[in-house]
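Below, each chain spelled out in residue letters.
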Amino acid sequence: MDEEERRKLIELTAKKEEKREEKKESKEKTLPDLPKAEKGKVVMRFAPNPNGPPTLGSARGMVVNDEYAKIYDGKLIIRFDDTDPRTKRPMLEAYEWYLEDAEWLGVKPHEVVYASKRIPMYYDYVKKLLEMEKAYPCFCSREEFKKFRDKGIECPHRNTPAEKALEIWDRMLAGEFDEGEVVIRIKTDMKHRDPAIRDWVAFRIIKADHPLVGDRYTVYPTLDFESAIEDHVLGITHIIRGKDLIDSERRQRYIYEYFGWEYPVTKHWGRVKIHEFGKLSTSEIRKEIEKGVYEGWDDPALPTIRALRRRGFRAEAIRKFLLSLGVGENDVAVSMKNLYAENRKIVDRTASRYFFVWDPVAVEIKGLPESRVVRIPKKPEGNEYRELTGEKDVLIAGDDWDRFEEGDVVRLKDFCTVRVKSKEKNQLEFVSWEMSENVRKGRNIVHWLSWKDGVVCVVIGDKPLLRWGGFAEKNAVQDAGKVVQFERFAFCRIEFADESGIRAIYTHP
RNA sequence: GUCCCCGUCGUCUAGCCAGGUCCAGGACACCGGCCUUUCACGCCGGCAACGUGGGUUCAAAUCCCGCCGGGGACGCCA
């Protein structure tokens, strides 16, 4: 064995050792290491177009980037990529929604940038490229250019000299051209293996009102250009985003090469699809809201962060759920059940328990010796109690009543044991105060409510227009704003409550 | 059509880059059981995966090739 071999062997052994160590540590790690990441020097970014409120999908971008920024003691920048006032027109309120939801999710940006407010800067950079003849004004129609691109042929405008190109550029800025008449293209390679990369558009003319900058500009950069410049200017070290932007990197690298910049480290993740929501695009949701299918952007049937917050989900549960998806490039189709499980872990210990009788049926307990006040624990642990009065006239859930057959022995939870006497007359028959041997555990222990303890309650479901109506125990009024568990029903957040009634939102089972 | 990416339990994911400690770990779901005056929580146990065919190697989930399957890009959208 010569020196060289010996050295390699030692190196290899060291690497293996290192790997073993890593394995031991990685048990608690939520996300994989970021390549080339140095503690204290990492700058991440989250760059949404605010054309609607954040959804679970966009929240993934916030949370993962934020998590990495935290892991490496780095920075997180939120940048609004809002440079298309037409096709993906930003929504004025949505800027605020993003910031609000970010804060709620525990995402703390060190800086917030609005691309639409920095358009002159992009002009400066493209001017340089025009001078370098790395960009050119192109008068081809979309169709004409598509032909050139598909064939891999340069278009006639590609060789416009810098001087002439700059003159056209100035005329563009002066508003001398109409929409669609001319665009600025970045020179790449018309023979590039991937047609998607060939001479892409950096600027186009859009004469539309922008919610933030109005009609100040008519020449707007495309995302590819704006983002390329910003990532460098802002000193972004790592980009993590959806893989729909994977080609974007290949296009942008040309600019980085022309300017001699270093492209950030990138990572792209696959599409997330949530079983329960399917594929809902922002524009589709907007239409449905207009049609009245959803009440608004915070409708509990929607996967927006504001809707989930309204439903009573905890930010921490959402973070964990999103982080659990990792940063792999494969598409994921995940179930809300995972989110439910995370949230339940947090909420179960603290949620007060109450009775909610949905689709109520009034029944009479024949032979009940007396009315009794019962004390029931409010929570699984601790010594808080609530009181209910058991009387001969009570309400029970329609689902339960329908299931029962005459002769069944049923336990009214914490109150008394009864036998179903007459389905037709809605009559029960008192058996005993004690728990009877005949009561099967599980579905034969049901909740109930006397009229005096009840208050009208509607629960807004997690599917469009789904509602449950019935009575909830009055004690629940004191938990307005909180997540409670309606026993044998589900966790719900009490959104509004007073003596006249309760409105609750379905959280999860 | 051209180009790119991805395939580990039902689902999500760890492991893959630096092959052995992986007859593959965790979570959710599911199925038993315990606890319980909620079908909740908790506890115990169980089921269950490396798409496929070759190759390299003493050794492959890990490296190479083919095939099959899935997704995406080819906007003057983001």
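All figures in this text were calculated on a predicted structure; none of them were measured in a lab.

Draft legend 1. Seen up close, the environment of Arg216. By secondary structure assignment, the location of Arg216 is in the loop between strand 6 (201-205) and strand 7 (219-221). By relative accessible area, which is 59% here, Arg216 ends up exposed. When the C-alpha atoms of Arg216 and Val439 are compared, they prove to be 75 Å apart, with 223 residues separating the residues in sequence.

Draft legend 2. Spotlight on the pattern of salt bridges. Summed over all chains, the structure comprises 48 salt bridges. Here Asp231 ties to Arg45 by a salt bridge, and the two come within 2.9 Å at their closest N and O atoms. In this pair, Asp231 sits in helix 7 (residues 223-233) while Arg45 sits in strand 1 (residues 43-46), placing the two residues 186 residues apart along the sequence. Pair check on accessibility: Asp231 and Arg45 agree, each one buried. Measuring nitrogen to oxygen at the nearest pair gives 3.6 Å for the salt bridge that ties Asp150 to Lys146. Remark: Lys146 and Asp150 occur in helix 5 (residues 142-151); sequence separation between them is 4 residues, near one turn of the helix. One salt-bridge network, in which partners are shared between bridges, spans Glu295, Asp298, Arg310, Arg467, Glu495 and Arg503.

Draft legend 3. Representation of the nonpolar core in the model. If you look at the biggest cluster of nonpolar residues, it comprises 47 residues, and the most contacted ones within it are Val459, Phe486, Phe489 and Ile502. What Val459 contacts, discounting residues up to four positions off in sequence, is Phe356, Leu466, Arg467, Trp468, Phe486, Phe489, Cys492, Ala504, Ile505 and Tyr506. Core analysis: the second largest hydrophobic core is formed by 45 residues, Tyr122, Trp169, Val213 and Val219 among them.

Draft legend 4. Structural detail: the sheet that holds strand 18 (residues 409-412). Here 7 strands make up an open sheet; going across it, the order is 21-18-19-20-14-17-22 and the pairing mixed. With one partner strand each, in any of the chains shown, strand 21 (445-446) and strand 22 (449-450) form the two edges of the open sheet. Pairing between strand 18 and strand 19 (residues 416-422): 4 bridges, direction antiparallel. Within strand 19, the residue paired with Val409 across the bridge is Arg419.

Draft legend 5. View of the sheet that holds strand 3 (residues 111-114). Reading across the sheet, the 3 strands line up as 1-2-3 and stay open at both edges, with parallel pairing between neighbours. Of all strands in the sheet, those with a lone pairing partner are strand 1 and strand 3, marking the two edges. The average undirected angle you get between the axes of adjacent strands in this sheet is 25 degrees. Across 4 bridges, strand 1 lies against strand 2 (residues 75-80) in parallel orientation. When the sheet's bridge partners are listed, Phe46 is paired in strand 2 with Ile78. Most of the contacts of helix 7 go to strand 2, to which it runs at about 155 degrees, and overall it touches strand 1, strand 2 and strand 3.

Draft legend 6. Region of interest: the protein's contact with RNA strand B. Close contacts around RNA strand B come from 50 residues, with Lys88, Arg149, Arg193, Asp247 and Arg488 the closest. Measuring from a sugar or linking oxygen of RNA strand B, one finds a side-chain N or O atom of Asp84 at 2.9 Å. In this structure, Asp414 approaches RNA strand B through a main-chain N or O atom, which is 2.7 Å from a base oxygen. Of all the secondary structure elements, the ones that give two or more residues to the surface near RNA strand B are helix 1 (3-25), helix 5, strand 6, helix 8 (246-259), strand 11 (332-334) and helix 12 (336-347). Residues belonging to the surface near RNA strand B are distributed by class as follows: 13 nonpolar, 10 polar and 27 charged.

Draft legend 7. Geometry of the pairing of strand 9 (residues 265-269). Bridge count for strand 8 (residues 238-242) against strand 9 is 5 bridges, and the pairing is parallel. Its bridge partner lying in strand 9, Ile240 is registered against Lys267.

Draft legend 8. Just helix 3 (residues 92-104), in detail. Taken as a whole, helix 3 has its buried residues at Ala94, Tyr95, Trp97, Tyr98, Asp101 and Ala102. Buried residues along helix 3 cover an arc of 165 degrees about the axis, so they all sit on one side. Those residues of helix 3 that are buried are in contact with strand 1, helix 2 (56-71), strand 2, strand 3 and helix 10 (305-311).

Draft legend 9. Structural detail: the packing of helix 4 (residues 119-131) against helix 7. Where helix 4 meets helix 7, the axes come as close as 10 Å, and the angle between the chain directions of the two elements is 100 degrees. It follows from the interaxial angle that helix 4 and helix 7 lie roughly perpendicular. Across from Met121, Tyr122, Tyr125, Val126 and Leu129 in helix 4, the residues of helix 7 making contact are Phe225, Glu226, Ile229, Glu230 and Val233.

Draft legend 10. The arrangement of the pairing of strand 1 in detail. Burial along strand 1 is two-sided: the face carrying Val43 and Arg45 and the face carrying Met44 and Phe46 are both buried. Assessed by its sense of winding, the connection that carries the chain from strand 1 through helix 2 to strand 2 is right-handed.

Draft legend 11. Representation of the confidence of the model for chain A. Mean pLDDT over chain A works out to 90, with 93% of the residues at or above the 70 mark. The low-confidence segment residues 22-28, where pLDDT is below 50, has 0 contacts with residues more than four positions distant or belonging to other chains. As scored by the predictor, the complex reaches a pTM of 0.90 and an ipTM of 0.90.

Draft legend 12. The arrangement of the state of the cysteines in detail. Enumeration according to the criterion identifies 0 disulfides in this entry. Cysteine Cys140 shares no disulfide, and the gap to the nearest cysteine sulfur, in Cys138, comes to 3.7 Å. Cys457 takes part in no disulfide bond, and the closest cysteine sulfur, belonging to Cys492, lies 7.5 Å away. Residue classification places Cys457 among the buried positions, given a relative accessible area of 1%.

Draft legend 13. How the structure looks around the packing of helix 2 against helix 11 (residues 315-323). Look at helix 2 against helix 11: their axes get within 9 Å of each other, and the N-to-C directions meet at 85 degrees. If you check the angle between helix 2 and helix 11, you find them roughly perpendicular. Here Leu56, Ala59, Arg60, Val63, Val64, Asp66, Glu67 and Lys70 of helix 2 come into contact with helix 11, specifically with Ile318, Arg319, Phe321, Leu322 and Leu323. Considered class by class, the residues forming the contact of helix 2 with helix 11 number 8 nonpolar, no polar and 5 charged.

How each quantity is defined
Residues numbered from 1 in each chain as written. Chains lettered and ligands numbered in written order. Predicted model: local features only at pLDDT ≥ 70, side-chain atom pairs only at ≥ 80, totals over all residues. Heavy atoms only, no water. Helix = DSSP H or I, 4+ residues; strand = E, 2+ residues; numbered from the N terminus. Buried < 20%, exposed > 50% of the residue type's maximum accessible area, 1.4 Å probe, protein only. Salt bridge = Lys/Arg side-chain N within 4 Å of Asp/Glu carboxyl O. Core = buried A, V, L, I, M, F, W, Y, C linked by side-chain atoms within 4.5 Å. Contact = heavy atoms within 4.5 Å. Pairing = 2+ DSSP bridges. Axes fitted to C-alpha atoms, helices over the stretch in contact; angles between N-to-C directions. Near = heavy atom within 4 Å. Polar contact = N/O pair within 3.5 Å; in protein donor to acceptor, adjacent residues only side chain to side chain. Nonpolar A, V, L, I, M, F, W, Y, C, P; charged D, E, K, R; others polar. Arc of directions from axis to C-beta. Parallel < 35°, antiparallel > 145°, perpendicular 65-115°, else oblique. Right-handed = clockwise from strand over helix to strand, strands pointing away. pLDDT = per-residue confidence, 0-100. Disulfide = S-S within 2.5 Å.

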